[in-house]
Amino acid sequence: MKRNALATSLAQALFCAALLPASLAASAQNQAPDAGTAGDPKQLDTVVVQAEIAYRDRTDDIAPTLVYDLEYFQRFEPATVGDMLKRLPGVGFVGSDIMEYDGVQLRGLGGGYTQVLINGKKVPGAGDDRSFYVDRIPAEMVDHIEIKRSASANRSGDAMAGAINIVLRDAYAFDGSYVRIGANRWYDGETNPTFGAVTTFDAFGGRLLAGVNVQDRYRRKQKRSDRYADATLEEKTSWEDQTEVKDGRDTSANLSWAVDIGETGSFGIDGFYVKTKRDVSEVSFEEELDDDETINLRVPGLDPYDQKNYGIGVEYKYAMAGGITELSMDHARFENRQATTEGEEVFVGGAGNWDDHWGTDGAEWDETVYKADAVSARDSEFGFRLSHDRPIGAAEMEFGIDWRRKKREGLVASYEWEAGEQGQVPLFPLDYEPDGSVASVIEERRLDPYLMFSGKGEAFSWEAGL
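This one's a predicted model, so the numbers in the text were calculated from it and none came from an experiment.

*Asks:* Which parts of the structure should I look at to understand the confidence of the model for the chain?
*Replies:* Low pLDDT marks regions whose predicted coordinates should not be analysed in detail. Counting all residues, the mean pLDDT for the chain is 82, and 82% of those residues have values of 70 or more. Across the chain, element-level confidence peaks in strand β17 (residues 395-418) with a mean pLDDT of 94 and bottoms out in helix α1 (residues 3-31) with 42. The low-confidence segment residues 1-37, where pLDDT is below 50, has nine contacts with residues more than four positions distant or belonging to other chains. Of the regions scoring below 50 in pLDDT, residues 352-360 engages in 20 contacts with residues more than four places distant in sequence or in other chains.

*Asks:* Hey, could you run me through the packing of aromatic side chains in this one?
*Replies:* By convention here, two paired aromatic rings are described through the distance between centres and the angle between planes. Tallied over the entire structure, the rule returns 12 aromatic pairs. Consider the rings of Tyr-68 and Phe-73, whose centres lie 6.4 Å apart with planes at 50°: the pair is tilted. Its relative accessible area of 2% is what places Tyr-68 among the buried residues. Given a relative accessible area of 1%, Phe-73 falls into the buried group. In this structure an aromatic cluster arises from ring pairing among Tyr-68, Tyr-72, Phe-73 and Phe-76.

*Asks:* What's the story with the nonpolar core in this structure? I'm lost.
*Replies:* Nonpolar side chains in soluble globular proteins generally cluster together in the buried interior. If you look at the biggest cluster of nonpolar residues, it comprises 29 residues, and the most contacted ones within it are Leu-85, Val-134, Ile-145 and Ile-166. Listed in part, the five residues of the second largest apolar core include Tyr-370, Ala-372, Trp-417 and Ala-419.

*Asks:* I'm lost on unusual backbone geometry in this one. Help?
*Replies:* Negative phi is the rule for most residues except glycine; trans is the rule for most peptide bonds. In the segment running from Phe-428 into Pro-429, the intervening peptide bond is cis, with an omega of 0°. Topologically, Pro-429 is positioned in the loop between β17 and β18 (433-456). The backbone phi angle of Glu-77 is positive, close to 50°, even though this residue is not glycine. Residue position: Glu-77 is located in the loop between α2 (70-73) and α3 (81-85). In this structure, Leu-233 takes a positive phi of about 60° despite not being glycine. Mapped onto the secondary structure, Leu-233 falls in the loop between β11 (206-228) and β12 (236-261).

*Asks:* What's the story with the pattern of salt bridges in this structure? I'm lost.
*Replies:* Any two side chains of opposite charge can pair, given that their charged atoms come close. Inspection of the entire model under this criterion finds 21 salt bridges. The partner of Arg-207 in a salt bridge is Asp-202, and the shortest N-O contact between them spans 2.8 Å. The class for Asp-202 is exposed, based on a relative accessible area of 60%. Here Asp-330 and Arg-404 are joined by a salt bridge, their closest N and O atoms 3.3 Å apart. Placement of Asp-330 in strand β15 (residues 323-348) and of Arg-404 in strand β17 is noted, with a sequence separation of 74 residues between them. In this structure, Asp-330 and Arg-404 share a single accessibility class: buried.

*Asks:* Honestly, the environment of Phe-174 in this entry has me stumped. Any pointers?
*Replies:* Structurally, Phe-174 is set in the loop between β8 (162-168) and β9 (176-185). For Phe-174, a relative accessible area of 15% translates into the label buried. Taking the C-alpha atoms as reference points, Phe-174 and Val-198, separated by 24 residues in sequence, lie 9.5 Å from one another. Apart from residues lying up to four places away in sequence, Phe-174 is in contact with Arg-169, Val-198, Thr-200, Arg-207 and Leu-209.

*Asks:* So what exactly am I meant to see when it comes to the environment of Tyr-218 here?
*Replies:* Looking at where Tyr-218 falls in the secondary structure, it is placed in strand β11. As for Tyr-218 and Glu-190, which are separated by 28 residues in sequence, their C-alpha atoms are 7.9 Å apart. In contact with Tyr-218, not counting residues within four places along its chain, are Trp-186, Asp-188, Glu-190, Asn-192, Val-245, Lys-246 and Asp-247. A polar atom in the side chain of Tyr-218 sits 2.5 Å from the side chain of Asp-188.

Cut-offs applied
Residues numbered from 1 in each chain as written. Predicted model: local features only at pLDDT ≥ 70, side-chain atom pairs only at ≥ 80, totals over all residues. Heavy atoms only, no water. pLDDT = per-residue confidence, 0-100. Helix = DSSP H or I, 4+ residues; strand = E, 2+ residues; numbered from the N terminus. Contact = heavy atoms within 4.5 Å. Phe/Tyr/Trp six-rings, centres within 6.5 Å; stacked < 30°, edge-to-face > 60°. Buried < 20%, exposed > 50% of the residue type's maximum accessible area, 1.4 Å probe, protein only. Core = buried A, V, L, I, M, F, W, Y, C linked by side-chain atoms within 4.5 Å. Salt bridge = Lys/Arg side-chain N within 4 Å of Asp/Glu carboxyl O. Polar contact = N/O pair within 3.5 Å; in protein donor to acceptor, adjacent residues only side chain to side chain.

So this is what it looks like as structure tokens:
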């Protein structure tokens with residue numbers, strides 16, 4: 001059933017349901033005009049029935065594809081793609097932290113089973129499992145989002161949970177310019193400015209679109225944990241106070257150029273760039289309560305990282321052999337540099353007094369140890385696709401081939417440090433001693449040929465492929 005017909009039927013049913021009580025009340029009043037002796041009638045709140053429901057749409061594809069456009073999202077004033085996706089049913093961010101919407105998941109499966117596409121092209125993600133951090137893409141760059149809920153022969157089979165296609169603004173569909181300036185102010189006085197601009201104009205015989213976005217991101221979390229021996233909450237075993245601050249900046253840009261060639265051909269180039277630089281600092285104060293002694297811990301941590309994600313793609317469509325032939329190539333890269341340090345300062349005996357100095361109330365310093373990891377990763381992907389679509393009688397036939405090469409190189413170097421006396425703090429990486437390293441290389445080459453037939457009718461549509 002078409003969405004418009006369904007929405008119209010539902011709207012009519014709701015409208016009739018809303019009018020029925022009013023009609024009954026009016027009829028009763030006409031039959032018994034003296035029944036209102038208790039006082040004047042009460043003024044009810046206004047009931048508004050909208051003719052159209054702000055809802056997602058469906059594409060003409062036979063494979064179920066939901067489309068959420070700007071009309072759906074604009075009432076939420078989203079800042080990033082993560083803010084947009086969190087509004088969609090079936091989308092979750094189970095592995096993300098408070099107010100973070102990075103690793104998107106569909107249908108409750110892990111992020112590695114959800115394929116994230118930008119303009120229909122694959123992009124390398126931050127994780128080894130292809131998970132992509134959607135919170136780094138600003139909302140100004142997006143035209144609409146497609147949720148593809150089933151597999152299809154002309155799409156690779158590594159998206160078990162489904163695919164999310166983030167379609168950026170198109171030079172032909174968008175006309176004019178758009179500027180957004182704002183700021184967020186947090187309760188602790190931190191202020192984060194944001195800036196976004198998109199423009200499009202005629203250039204080099206076609207249409208050129210350019211966009212840029214800079215947003216400061218700040219998250220502060222304070223957490224208190226009290227742990228007990230059992231559900232009676234009578235015997236406390238430990239407690240922890242944790243403060244975490246995430247402070248960084250995301251810089252992104254996109255560029256696309258499209259031109260018509262002849263009467264049936266079209267050529268386009270599109271690219272994007274996303275850079276994230278952030279410092280994550282965390283301090284935890286812990287106290288473990290035993291019968292014989294009390295252990296106090298101060299656990300500071302720092303996690304600065306610098307990530308870049310960028311890609312470029314070209315596409316050419318033209319009429320040939322009674323159908324449409326499409327050639328496309330794309331290249332994308334991901335780079336990550338990260339240094340994680342975490343310390344532990346331990347005091348034994350007495351009670352902790354963290355406002356003055358660690359463990360001064362009868363506690364003795366036991367040890368101070370630090371661990372650090374230097375993480376680097378580089379991911380590159382290159383793809384080529386050739387497809388041809390043409391009618392065969394009352395059906396459509398599409399066949400093609402998709403070739404892709406992926407290589408990811410990672411290195412994790414571990415370090416450790418131990419203090420000789422109380423109060424010493426190491427300087428990374430000078431004071432640390434190497435504690436091993438792990439290098440990894442992931443290489444993938446895949447060749448996906450496919451053949452697909454489909455047909456659309458008034459009663460039903462069908463698709464079959466291999």
